[in-house]
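Single-letter residue listing:
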Amino acid sequence: MRSTATRLVPILLGLSAVMFAAAPYVIDTAPYEATMGLVQRIFYFHFPAAMLMLVASVVCGVASALYLWRRRPGADHVAVAAAELAVVLGAIVLVTGPLWARKSWNVWWVWEARITSTFVMWMVFNAYVLLRRFGGVGSEVLSAAVGVFGMALVPFIYWSVNMWRTLHPLTTVVPKLPVDMGRVLLWCVIAFLFWCLALLILRVRLESARRELDEAYLMVED
Amino acid sequence: MLDRLLVIMRRIAPAVLILLAVTTIVAAQSPAQDGFVPVTGNEADVEKLPAAPLVFAAYAFVWVAMIGYVFSLWRRLVRVERELTDVTARLEARRR
């Protein structure tokens, strides 16, 4: 018996696929940025991935804290799903960022506050996923602590560009976006959001199926 | 007195000239680079790097990562659900 959330997956994935297929044409309608030109268009994929990476980190942290408090398996499943999403979205951010920086800053990478802290958080969620994969029995509790620690980095990453003068654009860039650029960004944010929701539901379903399988094996052994 | 001063000047003149020449050559040389300094302003366009391949690479990576993750997740889910169906069937067969 499939849940309502699982039935939503094909719809969300379909909508996301259509929106991503149309994204280059939608992005083409946005005006060129005055100083960066064409390369600034990486922003329309880079920013939604970064934003949702932070959201996924918060979801993982909150679900991990709930699991540590109440020990409900459902919270653990959501935490695992969000951590894996944070790793995938983090990889997108950490690859598209240097491609953009190569043209606009003339460097692939700078060890400045925003980029370094994002890299550290990505490593923390990689540690979470590896711990779950190879940690064995009891790794749920250890990884939940790692998830809470990963979430604690989110405010630091967000405000790092305002606290230190860095090469990275400030947090004021998005609220001040012109309408023509803002609606294109909204299109891409929604496309990423649908994809993330679909994958979160699927990953939670995978984790609960794994738990059912473990329980079924235990019953077979008994 | 003046003759003595001229003699001294004549004697040290070659040394002063050599010193000046060496100093000029050393000063004209750019210092050895002891570290790399990242750009801080809009000096980025010095190399005139084309933007299109970078934008194309970024979009391609995003699509490959997203499709790849969907495919990986789908495969894992199908495998686990198939295994779950088998084990559940074995359990039910044993109960009968």
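Use the structure listed above.
The structure contained in this document is the topic of the report that follows. On a predicted model such as this, the values are computed, not experimentally measured, just so you know.

**What to know about the overall build of chain A**
Thinking step 1. Looking only at helices and strands, chain A features six helices and zero strands.
Thinking step 2. The helix and strand sequence of chain A, counted from the amino end, reads α-α-α-α-α-α.
Thinking step 3. C-alpha extents for chain A along the principal axes are approximately 70 × 40 × 25 Å.
Thinking step 4. The buried share of chain A, reckoned over its 222 residues, is 43%.
Thinking step 5. Contacts in chain A between residues far apart in sequence, at least 24 positions, make up 78% of those at least 6 positions apart.

**Digging into the interface of chain A and chain B**
Thinking step 1. Listed by partner, the interface residues are 35 residues for chain A and 32 residues for chain B.
Thinking step 2. Residue assignment for the side of chain A that touches chain B shows that the elements contributing at least two residues are helix H3 (73-104) and helix H6 (179-221) of chain A.
Thinking step 3. Residue composition of the side of chain A that touches chain B, grouped by class: 23 nonpolar, five polar and seven charged.

**A word on the nonpolar core**
Thinking step 1. Counting 72 residues, the largest nonpolar core has A:Ala56, A:Ala79, A:Ala82, A:Leu85, A:Ala86 and A:Leu89 as the members making the most contacts within it.
Thinking step 2. If you list the elements that add at least two residues to this core, you get helix H1 (4-28), helix H2 (43-70), H3, helix H4 (113-134), helix H5 (139-163) and H6 of chain A together with helix H2 (52-95) of chain B.
Thinking step 3. Each residue touching A:Ala56, except ones within four places of it in the same chain, is listed here: A:Ala82, A:Leu85, A:Ala86, A:Leu89 and A:Cys196.

**Section: the packing of H2(A) against H5(A)**
Residues and elements named next belong to chain A.
Thinking step 1. Taken N-terminus to C-terminus, the directions of H2 and H5 make an angle of 140°; their axes are 7 Å apart at the nearest point. Judged by the inter-axis angle, H2 sits oblique to H5. Along this stretch, H2 crosses H5, giving a crossing that reads as left-handed. Contact residues: Leu-54, Ser-57, Val-58, Cys-60, Gly-61, Ser-64, Ala-65, Tyr-67 and Leu-68 in H2; Glu-140, Val-141, Ala-144, Gly-147, Val-148, Gly-150, Met-151, Val-154, Ile-157 and Tyr-158 in H5.
Thinking step 2. A class-by-class count of the residues in the contact of H2 with H5 yields 13 nonpolar, five polar and one charged.

**With respect to unusual backbone geometry**
All names here are of chain A.
Thinking step 1. Despite not being glycine, Arg-71 has its phi angle at roughly 60°, a positive value.
Thinking step 2. Position of Arg-71 relative to the elements: it lies in the loop between H2 and H3.
Thinking step 3. Unlike most non-glycine residues, Asn-106 shows phi in positive territory, near 70°.
Thinking step 4. Residue placement: Asn-106 occurs in the loop between H3 and H4.

**Here's the deal with the packing of H3(A) against H6(A)**
Residues and elements named next belong to chain A.
Thinking step 1. Here H3 crosses H6 at 130°, and the two axes come no closer than 8 Å. When the axis of H3 is compared with that of H6, the two are oblique. Relative to H6, the crossing made by H3 is right-handed. Residues Pro-73, His-77, Val-78, Val-80, Ala-81, Ala-82, Glu-84 and Leu-85 of H3 pack against Cys-196, Leu-199, Leu-200, Arg-203, Val-204, Glu-207, Ser-208 and Arg-211 of H6.

**Focus: H1(A)**
Residues and elements named next belong to chain A.
Thinking step 1. With 25 residues, H1 should cover 36 Å at 1.5 Å per step; its first-to-last C-alpha distance of 36 Å lies within 8% of that length.
Thinking step 2. Taken as a whole, H1 carries its principal kink of about 45° at Ala-22; the proline Pro-24 stands between one and four residues after it.
Thinking step 3. Buried within H1 are the following residues: Leu-12, Ser-16, Phe-20, Ala-23 and Ile-27.
Thinking step 4. Its buried side turned inward, H1 meets H2 and H6.

**Considerations on the environment of A:Leu142**
All names here are of chain A.
Thinking step 1. Summarising the element assignment, Leu-142 is placed in helix H5.
Thinking step 2. Judged by C-beta crowding, with 14 C-beta atoms within 10 Å, Leu-142 ranks as partly exposed.
Thinking step 3. A C-alpha to C-alpha distance of 24 Å links Leu-142 and Leu-52, two positions 90 residues apart in sequence.
Thinking step 4. Once residues lying within four places of it in the same chain are set aside, the contact partners of Leu-142 are Leu-131 and Gly-135.

The rules behind these values
- Residues numbered from 1 in each chain as written.
- Chains lettered and ligands numbered in written order.
- Predicted model: local features only at pLDDT ≥ 70, side-chain atom pairs only at ≥ 80, totals over all residues.
- Helix = DSSP H or I, 4+ residues; strand = E, 2+ residues; numbered from the N terminus.
- Buried ≥ 20, exposed ≤ 12 C-beta atoms within 10 Å, placed from the backbone.
- Contact = placed C-beta atoms within 7 Å.
- Nonpolar A, V, L, I, M, F, W, Y, C, P; charged D, E, K, R; others polar.
- Core = buried A, V, L, I, M, F, W, Y, C linked by C-beta atoms within 7 Å.
- Axes fitted to C-alpha atoms, helices over the stretch in contact; angles between N-to-C directions.
- Parallel < 35°, antiparallel > 145°, perpendicular 65-115°, else oblique.
- Left-handed = near helix turned anticlockwise from the far one by under 90°.
- Expected span 1.5 Å × (residues − 1).
- Bend = angle between axes of the 7 residues up to and from the residue.

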